[in-house]
Amino acid sequence: MSIKIILKSYFLRHLGKHKFKKIQLTNSPKFLILMHQNIGDMIVCSPILRELKKAYPDCNLQVIASKTNQEIAITNPYIDFVHIYQNKWNKLLPLLFKLRRHNFDVAVELEAKIVTRVILMLRLVNPKYILSVSKREGRYGIEPKDFYSYDFYTDDKLNHQRDTCLDILRLLNIKFTNTNYDVFYLEKHKERAVAFLKNFDSKEIVIGLNISGSSYEKRISDNDMDKIITGLYSISQNIKIILLHKPESRQSINKLITQDKTSYVLPSYPTNSILDVAALVNLLDLIITPDTSLVHIACAFNKPLLAIYRDDKVAFEAWHPKSSNHHVVFSNDINSLNSIDTGQVISKSFDLISEHVDKELKA
């Protein structure tokens, strides 16, 4: 082990020393929730925002969001103020000292692994109590079970990130029954989605197909995409397939729609905001997507969902769909989606349509 790693390990162990406290809150506590990860992370952890506000209607609930997920945070009515995380210390420090002056009662940390920067951030903010999800990943040779820098941790036997986040509420002695995700968008986002879908007959089954994942390894290949589209349409000509995509991918998406498919396959309108995507997803009949934030957006709206995952059961256990109307297809490869069974994708998609979509499947 290098000297650098040894020094970092020593530094982390020093930060890990803490004293246990008993939580005592007023009726109007100040909460700070660190949610500066990806969009999917924020959605999966969104129930705690709603339940905190229900338990403490007069609380002041502030969130540190990322530039990536800030739109999701800003439109959430349970959040009183959104701060934007900066990844450079010269920009981050002014924010942390500003937050320190708020004298927060509780700060909540939702990282599944030990992150030195986050520990330092919370030391600078200096809330009365720091609550954290249990850690699944250590750092610099330190195992999660050997490192406790905060006041309270969630149950380390919980596997799914939603359940782990919700266990924060147990630490605050808050009882809850609603575990649903929350995603909110504005009227302008709904209007764009409604206007786009007016191009279709109301009796047609409109499927949103996304081929891109959060990384290249989670992408559906062009060949498999073509098999899925052709297979779906061969079973029922009462479907239309919308290719969901980022604005910068529009040109490449258009190239995937061959002339023989233009009557039933088309790209979505430019979704310049994740809230545009959310509004469209909420109005579609079925979503087919790899493991990405779209999985959790579909779950938030309880939309029929066919989710495609690599053969990584550990990651799946922590992030799998949480809804009553989804099916999952696994690749045979832990590192990619290059070996998915497109026949399963097609058959399970039609199972979802038959069970959950009130439209006729015409041959």
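Data block above holds the structure.
Right, let's walk through the structure included here. These numbers come from a predicted model, not from an experiment.

Cut-off values and rules
- Residues numbered from 1 in each chain as written.
- Predicted model: local features only at pLDDT ≥ 70, side-chain atom pairs only at ≥ 80, totals over all residues.
- Heavy atoms only, no water.
- 1 Å grid on protein atoms, 1.4 Å probe; cavity = no way out; pocket = protein on both sides within 12 Å on 5 of 7 lines; lining within 4 Å.
- Points joined across faces, edges and corners; volume = space filled by probe spheres on them.
- Helix = DSSP H or I, 4+ residues; strand = E, 2+ residues; numbered from the N terminus.
- Nonpolar A, V, L, I, M, F, W, Y, C, P; charged D, E, K, R; others polar.
- Buried < 20%, exposed > 50% of the residue type's maximum accessible area, 1.4 Å probe, protein only.
- Contact = heavy atoms within 4.5 Å.
- Salt bridge = Lys/Arg side-chain N within 4 Å of Asp/Glu carboxyl O.
- Pairing = 2+ DSSP bridges.
- Axes fitted to C-alpha atoms, helices over the stretch in contact; angles between N-to-C directions.
- Right-handed = clockwise from strand over helix to strand, strands pointing away.
- Parallel < 35°, antiparallel > 145°, perpendicular 65-115°, else oblique.
- Left-handed = near helix turned anticlockwise from the far one by under 90°.
- Polar contact = N/O pair within 3.5 Å; in protein donor to acceptor, adjacent residues only side chain to side chain.

**Comments concerning the layout of surface pockets**
Reported here for the largest pocket is a volume of approximately 1,400 Å³. Contributing elements (two or more residues each) for the lining of the largest pocket: helix H2 (39-44), helix H10 (250-256), helix H11 (274-283), helix H12 (293-300) and helix H13 (313-319). With five residues, the single largest contributor to the lining of the largest pocket is H13. A class-by-class count of the residues in the lining of the largest pocket yields 18 nonpolar, 18 polar and 13 charged.

**Remarks on helix H3 (residues 47-55)**
Within H3, seven of the nine residues are buried, which leaves the element mostly enclosed by the surrounding structure. Of the positions making up H3, those classed as buried are Pro47, Ile48, Leu49, Arg50, Glu51, Leu52 and Lys53. The inward-facing, buried residues of H3 abut strand E1 (30-35), H2, strand E2 (60-65) and helix H7 (161-171).

**Observations regarding the pattern of salt bridges**
Scanning the entire structure with this criterion turns up 17 salt bridges. A salt bridge links aspartate 226 to lysine 261, with the shortest nitrogen-to-oxygen separation between them at 2.9 Å. Placement of aspartate 226 in helix H9 (residues 222-235) and of lysine 261 in the loop between H10 and strand E9 (265-267) is noted, with a sequence separation of 35 residues between them. Aspartate 226 gets classed as partly exposed once you look at its relative accessible area, which sits at 27%. Aspartate 260 is the partner of lysine 261 in a salt bridge, and the nearest nitrogen-oxygen pair spans 3.5 Å. Connected through salt bridges with shared partners, the residues Arg50, Glu51, Lys54 and Asp182 form a single ionic network.

**A word on the sheet that holds strand E5 (residues 129-132)**
Judged by pairing direction, the sheet is parallel, and its six strands sit side by side in the order E3-E2-E1-E4-E5-E6 without closing on themselves. The strands lining the two open edges of the sheet, one partner per strand, are strand E3 (81-84) and strand E6 (152-153). Taken strand by strand, H3 contacts E1 and E2, and its axis lies near 175° from that of E1. In this fold helix H5 (residues 89-100) packs onto E1, E2 and E3, with an angle of close to 150° to the strand it touches most, E3.

**Focus on the pairing of E5**
Taken residue by residue, a regular strand's side chains alternate between the two faces of the sheet. Side chains Tyr129 and Leu131 of E5 all project onto a buried face; the interleaved residues Ile130 and Ser132 project onto the opposite face, where all are buried too. Of the pairings in the sheet, the one linking strand E4 (residues 106-109) to E5 comprises four bridges and is parallel in character. Looking across to E5, one finds that alanine 107 is bridged to isoleucine 130. Viewed along the sheet, the connection from E4 through helix H6 (residues 116-125) into E5 turns out right-handed. In this sheet, E6 lies alongside E5 in parallel orientation, the contact comprising two bridges. Across the sheet, residue serine 132 finds its bridge partner in E6, namely tyrosine 153.

**A word on the sheet that holds strand E10 (residues 286-290)**
Taken in spatial order, the six strands make up an open sheet running E9-E8-E7-E10-E11-E12, and their pairing is parallel. Each of the sheet's edge strands pairs with one partner strand only, and the pair in question is E9 and strand E12 (326-330). Put simply, the sheet's adjacent strands are angled 20° from each other on average, direction ignored. The sheet contact formed by strand E7 (residues 205-210) and E10 spans three bridges and is parallel.

**As for the packing of H11 against H12**
Between H11 and H12, whose axes approach to 10 Å, the crossing angle comes to 50°. Classified by the angle between their axes, H11 and H12 sit oblique to one another. Where H11 crosses over H12, the two elements pack in a sense that is right-handed. Of the residues in H12, those in contact with Ile274, Val277, Ala278 and Val281 of H11 are Ser293, Leu294, Ile297 and Ala298. Counted by class, the contact of H11 with H12 contains seven nonpolar, one polar and no charged residues.

**Description of the packing of H5 against H6**
Contact geometry for H5 and H6: axes closest at 8 Å, N-to-C directions at 40°. Our classification of the angle between H5 and H6 gives oblique. Residue-level inspection shows Trp89, Leu92, Leu93, Leu96, Phe97, Leu99 and Arg100 of H5 in contact with H6, the latter providing Arg117, Leu120, Met121, Arg123, Leu124 and Val125. Of the residues assigned to the contact of H5 with H6, the class counts are 10 nonpolar, no polar and three charged.

**Structural notes on the side chain of serine 336**
Looking at the secondary structure, you find serine 336 in the loop between E12 and helix H14 (342-356). Separated by 3.2 Å, the side chains of serine 336 and aspartate 333 make a polar contact. Leave out the neighbours within four places in its chain, and serine 336 touches Glu217, Arg310 and Ser331.

**Let's talk about unusual backbone geometry**
With phi around 60°, asparagine 126 is a residue other than glycine that occupies positive phi space. Residue placement: asparagine 126 occurs in the loop between H6 and E5. Among the residues examined, asparagine 126 registers a relative accessible area of 47% and is labelled partly exposed. Backbone geometry places asparagine 302, a non-glycine residue, at a positive phi of 55°. Secondary-structure assignment places asparagine 302 in the loop between H12 and strand E11 (305-309). Looking at asparagine 302, the relative accessible area reads 38%, which means it is partly exposed.

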